Amino acid sequence: MPTLPTFEDVAAAAQRLAGQAHRTPVLRSRTADQMLGAEVFFKCENLQRAGAFKFRGAFNALSRFDAAQRRAGVVAFSSGNHAQAIALAGRVLGIPAAILMPHDAPRSKVAATQGYGAEVIRFDRYREDREAIALRLAQDRGLTLVPPYDHPDVIAGQGTATLELIEEVGALDDLFVCLGGGGLLSGAALATRALALGCRIHGVEPEAGNDAQQSIARGEIVHIETPQTIADGAQTQHLGRLTFEIIRRDVADIVTATDAQLVQAMRFFFERMKLVVEPTGCLGFAGACHAGLPLAGRRVGVLISGGNVDLQRFAELTA
Ligand SMILES: *Cc1c(COP(=O)(O)O)cnc(C)c1O
């Protein structure tokens with residue numbers, strides 16, 4: 001077991017990211033407050049560079065490459081946002097990037113990744129093992145693999161979103177964080193245990209793929225088939241070794257949201273808050289609204305994780 005990242009790593013990541021990542025706004029909504037009977041604070045990572053929090057972890061990880069690693073380049077696998085983040089961070093830092101993306105990744109995400117100058121390599125996510133392909137590329141070309149969530153520098157970088165939220169609004173009673181492989185949630189846990197002790201952290205994953213819920217219940221990492229859900233950023237098959245350990249140590253519970261609840265949240269963000277949020281980015285708020293947790297009178301943080309959704313898909317889903 002590699003050592004777990006700590007709050008000090010999150011604080012160091014925040015220094016590396018200063019002037020590189022946006023300090024995204026925290027928005028309020030009276031309607032949301034009324035719906036939950038609480039004070040709700042939305043951290044808007046849909047407004048982050050490349051449209052999702054993933055730039056934080058990617059930039060932090062690539063910043064720590066040595067000279068040889070920088071010359072050879074980085075390889076990453078992702079259904080989208082990690083890919084874009086690695087591609088953009090690579091461009092900013094002058095590090096060449098090769099990205100494995102599934103054939104059915106949203107078109108806007110593929111185009112954006114190529115637009116940042118990365119080489120995109122396609123694969124079939126239902127039949128091929130992307131980790132094996134990435135490892136082979138890493139070996140053949142001497143590239144450094146930066147995984148989307150199970151990496152200390154990635155987790156520490158993602159933690160800076162929660163660090164900023166707590167710095168800005170103060171103590172929270174509850175924090176809702178969407179959950180795929182658990183990088184964002186683990187980072188949130190590291191920031192919260194140092195800055196807002198007593199805050200209950202809730203991970204929210206798609207109902208169709210509740211592997212994290214099962215993993216916590218069983219006390220071991222449960223692997224599932226790629227879940228069929230509109231939350232394409234959370235179609236992960238299992239937690240990582242680091243994220244599992246941090247989540248089971250620090251997270252209060254894992255709840256789930258259905259695709260219909262995600263669509264309802266997408267409509268809410270668009271109509272009430274004028275925010276474009278991708279389905280996965282809606283998990284946190286959907287969990288806060290529907291999981292039945294007691295939130296009345298509490299100070300509730302919600303991480304909105306990303307906003308990358310094709311216009312046509314947005315229209316189809318919310319029609
Ligand atoms: C990657 C991603 C997630 C899931 O993050 P993990 O760190 O894998 O749990 C959630 N929302 C969006 C928008 C993402 O891009």
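Just above, that's the structure.
Q: Help me understand the site of the ligand in this model?
A: Near the ligand, the surroundings consist of 16 residues, among which K54, N81, G180, G182 and S305 are the closest. Contact distances for the ligand include 2.8 Å between an oxygen atom and a backbone N or O atom of G183. The separation between a nitrogen atom of the ligand and a polar side-chain atom of S305 is 2.6 Å. Contact with the protein chains removes 97% of the 380 Å² of surface that the ligand exposes when unbound. A class-by-class count of the residues in the shell around the ligand yields five nonpolar, nine polar and two charged.

Q: Help me out: how do you make sense of the packing of aromatic side chains in this one?
A: By convention here, two paired aromatic rings are described through the distance between centres and the angle between planes. Overall, the coordinates contain seven aromatic pairs when judged by the stated rule. Judged by centre distance (5.8 Å) and plane angle (70 degrees), the ring pair of F268 and F269 falls under edge-to-face. Residue F269 is classed as buried on the basis of its relative accessible area of 0%. A ring pair is formed by F268 and F285, whose centres lie 5.1 Å apart and whose planes are at 35 degrees; its orientation type is tilted. Of this pair, F268 sits in helix α12 (residues 259-273) while F285 sits in helix α13 (residues 283-290), and the two are 17 residues apart along the sequence. Taken together through their ring pairs, the aromatic side chains of F42, F268, F269 and F285 make up a single cluster.

Q: What's the story with the pattern of salt bridges in this structure? I'm lost.
A: Taken as a whole and assessed by the stated rule, the structure comprises 15 salt bridges. E245 is paired through a salt bridge with R248; the nearest N and O atoms lie 3.4 Å apart. Placement of both E245 and R248 in helix α11 (residues 241-250) is noted, with a separation of three residues, approximately one turn of the helix. Residue class for E245 comes out partly exposed when judged on its relative accessible area of 24%. Given the relative accessible area of 43%, R248 is considered partly exposed. Residue D250 is joined to R249 by a salt bridge in which the shortest nitrogen-to-oxygen separation is 2.9 Å. Taking relative accessible area as the criterion, R249 reaches 40% and is therefore assigned partly exposed. Among the charged side chains, a network of salt bridges with common partners joins K43, E45, R56 and E164.

Q: What is the right way to read the pairing of strand β5 (residues 119-123) from this model?
A: For a regular strand, side-chain orientation follows a simple rule: the groups alternate between the two sheet faces. In the sheet, strand β4 (residues 97-102) pairs with β5 via five bridges, with the strands oriented parallel. Across the sheet, residue A98 finds its bridge partner in β5, namely E119. Crossover handedness for the path β4 to helix α6 (residues 107-115) to β5: right-handed.

What counts, and at which threshold
Residues numbered from 1 in each chain as written. Predicted model: local features only at pLDDT ≥ 70, side-chain atom pairs only at ≥ 80, totals over all residues. Heavy atoms only, no water. Near = heavy atom within 4 Å. Polar contact = N/O pair within 3.5 Å; in protein donor to acceptor, adjacent residues only side chain to side chain. Areas by Shrake-Rupley, 256 points an atom, 1.4 Å probe, with all protein chains shown as cover. Nonpolar A, V, L, I, M, F, W, Y, C, P; charged D, E, K, R; others polar. Phe/Tyr/Trp six-rings, centres within 6.5 Å; stacked < 30°, edge-to-face > 60°. Buried < 20%, exposed > 50% of the residue type's maximum accessible area, 1.4 Å probe, protein only. Helix = DSSP H or I, 4+ residues; strand = E, 2+ residues; numbered from the N terminus. Salt bridge = Lys/Arg side-chain N within 4 Å of Asp/Glu carboxyl O. Pairing = 2+ DSSP bridges. Right-handed = clockwise from strand over helix to strand, strands pointing away.

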